[in-house]
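Reading the structure
Here's the letter readout for the chains.
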Amino acid sequence: MAASRIVIENCAIATVDAHDTEYASGHVVVADTLIESVGAGGAPAGLENVVRRIDGTGHLVTPGLVNTHHHFYQWITRGLATDHHLFDWLVALYPTWARVDEPMVRAAAAGSLAMLARGGVTTAMDHHYVYPRGAGDLSGAIIGEAARTGLRFTLARGSMDRGESDGGLPPDFAVETLEGALAATEETIDTHHDASPDAMTQIAVAPCSPFSVSTELMRQGAELARRKGVRLHTHGSETAEEERFCEEVFGMGPTDYFESTGWLGPDVWMAHCVHMNDSDIAAFSRTGTGVAHCPSSNARLAAGIARVPDLLAAGVPVGLGVDGTASNESGELHTELRNALLVNRLGTHRERALTTRQALRLGTYGGARVLGRADRIGSLEAGKLADLVLWRLDTLAHSSIADPVAALVLGAPAPVTLSLVHGRTVVEDGRLTTVDEDAVAGAARDEARRLARVAARPGDVTA
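How each quantity is defined
Residues numbered from 1 in each chain as written. Predicted model: local features only at pLDDT ≥ 70, side-chain atom pairs only at ≥ 80, totals over all residues. Heavy atoms only, no water. Helix = DSSP H or I, 4+ residues; strand = E, 2+ residues; numbered from the N terminus. Buried < 20%, exposed > 50% of the residue type's maximum accessible area, 1.4 Å probe, protein only. Contact = heavy atoms within 4.5 Å. Areas by Shrake-Rupley, 256 points an atom, 1.4 Å probe, with all protein chains shown as cover. Lys, Arg positive; Asp, Glu negative; His and termini not counted. Charge placed at Lys NZ, Arg CZ, Asp CG, Glu CD. Pairing = 2+ DSSP bridges. Patch = residues over 30% accessible without salt bridge, like charges linked within 9 Å, V, L, I, M, F, W, Y side chains within 5 Å. Salt bridge = Lys/Arg side-chain N within 4 Å of Asp/Glu carboxyl O. Axes fitted to C-alpha atoms, helices over the stretch in contact; angles between N-to-C directions. Disulfide = S-S within 2.5 Å. Phe/Tyr/Trp six-rings, centres within 6.5 Å; stacked < 30°, edge-to-face > 60°. Lys NZ or Arg CZ within 6 Å of the ring centre and 35° of its normal. Expected span 1.5 Å × (residues − 1). Arc of directions from axis to C-beta. Core = buried A, V, L, I, M, F, W, Y, C linked by side-chain atoms within 4.5 Å. Polar contact = N/O pair within 3.5 Å; in protein donor to acceptor, adjacent residues only side chain to side chain.

Considering the overall build of the protein
Within the protein, the secondary structure is distributed over 14 helices and 17 strands. Among the 463 residues that make up the protein, the fraction classed as buried is 61%. Within the protein, contacts between residues at least 6 apart in sequence are counted, and of these 74% link residues at least 24 apart. Accessible surface computed for the protein: about 16,700 Å², of which carbon and sulfur atoms make up 50%. Put simply, the protein has 39 plus and 58 minus side-chain charges, and the middle of one group is 3 Å from the middle of the other.

Considering the pairing of strand β3 (residues 34–40)
By the bridge criterion, six bridges tie strand β2 (residues 22–31) to β3 in an arrangement that is antiparallel. Within the sheet, the bridge partner assigned to His27 lies in β3 and is Gly39. Two successive antiparallel strands, β2 and β3, enclose a turn made up of two residues, where Asp32 displays a positive phi of approximately 55°.

Topic: a positive patch on the surface
Taken together, the side chains of Arg445, Arg449, Arg453 and Arg457 present a region of like positive charge at the surface. For Arg457, the location among the structural elements is in the segment after α14 (437–455). Accessibility expressed as a relative area gives 55% for Arg457, which makes it exposed.

Focus: the sheet that holds strand β9 (residues 201–207)
Read across the open sheet, the eight strands follow the order β6-β7-β8-β9-β10-β11-β12-β13; overall the sheet is parallel. Since the sheet does not close on itself, it has two edges, and those belong to β6 (65–66) and β13 (318–320), each with one partner. Where strand β11 (residues 268–272) and strand β12 (residues 290–293) come together, three bridges link them in parallel fashion. Bridged to Met270 within β12 is Val291. Strands β6, β12 and β13 of the sheet are contacted by helix α11 (residues 334–344), whose axis makes an angle of about 125° with β13.

Regarding the state of the cysteines
Enumeration according to the criterion identifies zero disulfides in this entry. Just so you know, Cys294 is unpaired, no disulfide at all, and the nearest cysteine sulfur is the one on Cys273, 9.3 Å from it. Look at Cys294 and you get buried, because its relative accessible area is 0%.

Overview of the packing of aromatic side chains
How two aromatic rings sit relative to each other is given by the distance of their centres and the angle of their planes. Applying the stated criterion across every chain yields a total of 10 aromatic pairs. Measuring from centroid to centroid gives 5.3 Å for Tyr73 and Trp97, while their planes differ by 90°, and the two rings are edge-to-face. On the criterion of sequence distance, the pair formed by Tyr73 in the loop between β6 and α1 (86–97) and Trp97 in helix α1 is long-range, its members being 24 residues apart. By the burial criterion, Tyr73 is buried, and Trp97 matches it. Through a chain of ring-to-ring contacts, three or more aromatic side chains come together here, namely Phe87, Phe211, Phe245, Phe250, Tyr257 and Phe258. Arg78 extends its terminal NZ or CZ atom over the ring of Trp75, reaching a point 3.7 Å from the ring centre. Here Arg157 stacks its cationic end above the ring of Tyr131, 3.6 Å away from the centre of that ring.

Things to note about the side chain of Glu9
Along the chain, Glu9 turns up in strand β1 (residues 5–14). Ignoring sequence-local partners within four residues, the contact set of Glu9 consists of Gly26, His27, Gly42, Ala43, Arg53, Ile54, Asp55, Gly56 and Thr57.

Some remarks on helix α4 (residues 178–192)
Think of an α-helix as 3.6 residues a turn; residues three or four steps apart then line up on the same face. The terminal C-alpha atoms of α4, which comprises 15 residues, lie 21 Å apart, in line with the 21 Å expected from a rise of 1.5 Å per residue. Looking at α4, one finds that the buried residues are Leu178, Ala181, Leu182, Ala184, Thr185, Thr188 and Ile189. Looking down the long axis of α4, one finds its buried residues gathered within 165° of arc, a one-sided arrangement. For α4, the exposed residues lying more than 90 degrees away from the buried face are Glu179, Glu187, Asp190 and Thr191. Packing partners of the buried residues in α4 comprise α3 (138–149), β8 (152–159), β9 and α5 (215–228).

A look at the nonpolar core
A general tendency of soluble globular proteins is for nonpolar side chains to be buried together. Ranked by size, the top nonpolar core spans 111 residues in total, and within it Trp89, Trp97 and Leu151 carry the most contacts. Considering every element that reaches this core, the biggest residue donor is helix α2 (residues 102–118), with 10 residues. Within the second largest apolar cluster, 15 residues are counted, among which are Ile13, Ile35, Leu380 and Leu418.

Regarding the environment of Arg78
You can see Arg78 is positioned in the loop between β6 and α1. Along the primary structure Arg78 and Val427 are separated by 349 residues, whereas in three dimensions their C-alpha atoms are 25 Å apart.

Re helix α8 (residues 278–287)
The set of residues buried in α8 consists of Asp280, Ile281, Ala283, Phe284 and Thr287. The buried residues of α8 occupy one face: seen down the axis, they fall within an arc of 155°. Residues of α8 that are exposed and angled more than 90 degrees away from the buried face: Asp278, Ser279 and Arg286. Contacts from the buried residues of α8 go to α7 (254–260), β11, β12 and α10 (308–313). Between the side-chain oxygen at the start of α8 and the backbone nitrogen of Ser279 there is a gap of 3.0 Å, and the oxygen is on Asn277.

Details of the side chain of Thr185
Relative to the assigned elements, Thr185 resides in helix α4. Contact partners of Thr185, with chain neighbours within four places excluded, come to Arg157, Val205 and Leu224.

What follows is the structure, encoded as structure tokens:
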């Protein structure tokens with residue numbers, strides 16, 4: 001059967017390939033699920049079975065954005081604990097989070113995914129680590145919503161087994177047992193992970209953090225991931241308080257602790273990595289460990305400024321993350337392009353910290369590299385998967401900025417005229433084509449109210 005083709009012409013193009021190739025006016029041809037050609041000028045003549053031809057005048061085409069760190073369930077607890085640092089924020093919210101159930105998680109995932117897709121994300125991930133007893137199939141609900149929205153997706157199946165009685169931050173009723181967490185994670189991998197190059201759903205092993213997870217869960221989690229051939233994800237070096245916790249409990253800093261438990265390597269990526277010294281960065285560089293940089297969340301929780309320019313100079317893979325929407329209420333990744341650039345220029349490198357092209361690379365190819373998928377997504381090149389975004393830049397908000405990449409990164413959030421994932425239209429003229437946005441918003445609002453009522457009841461969750 002002949003391939004069905006979509007042709008986009010007359011648009012600016014930022015390929016984010018190895019040479020940062022750009023075209024002031026060019027074309028992209030999509031054949032079924034793959035990019036067939038990218039180049040200057042009009043599309044090749046004589047193309048057959050063209051089902052759609054798009055005039056991209058006034059637009060920029062980029063690879064789809066790749067989100068490398070998120071907590072979807074927090075969509076229904078936005079706007080709470082707005083003046084807290086990380087540890088106090090967690091203590092304030094864990095009792096509420098520990099009462100989530102399957103309908104709540106499904107609605108929260110739908111809302112999070114919808115916002116990501118509307119803002120140009122084509123590959124999403126969710127680090128879900130709260131599994132209350134009797135709450136239902138939370139992993140299945142999240143994966144189902146990702147498939148319904150139409151985004152490429154990684155579920156980082158998280159876990160916690162260090163409750164308050166063991167010196168951790170979560171209440172005891174919010175954690176799993178070591179054996180239960182490992183068994184459930186392995187079952188999730190066996191049920192849902194697709195190892196194929198064009199996979200829409202993949203699973204990672206993701207114990208939550210050093211202060212909510214036992215050393216044995218870290219060690220056995222790493223062993224499980226490598227036995228199953230999946231990636232590993234956790235929070236690392238997010239705050240000064242975490243660094244002190246690791247020194248007091250483990251007798252070493254976070255990076256040394258991670259290395260002692262098997263948690264450095266080219267199959268690992270860490271969220272945040274704000275408080276890292278030169279030795280930590282060298283260890284990440286030596287081992288190929290990746291970083292999910294979350295500038296808005298780091299600012300919201302007063303965590304600090306990650307050393308992104310130094311990480312990049314050392315060759316560390318770095319992508320961008322929204323983080324949970326209880327610490328980044330916008331829930332959008334395209335705003336993180338701008339925030340990454342601006343926040344890092346407040347650091348020691350000042351105006352030389354990041355360029356607009358580097359910011360775009362963080363949100364596209366950098367994220368694909370962090371997720372281990374840069375051979376198939378993250379840049380616009382013939383033979384790669386057709387995950388791309390057509391951004392409108394000829395409105396009032398951007399029309400006087402001549403450089404389209406600068407307009408996208410530094411300007412107001414650009415409208416998405418078209419978003420393709422695996423060659424399928426997910427966003428058209430700023431609206432989702434796969435789900436009813438109003439219905440998603442209503443369900444999330446209702447579940448947020450129900451969670452607030454449930455959390456107000458006294459007593460622990462036991463079933």
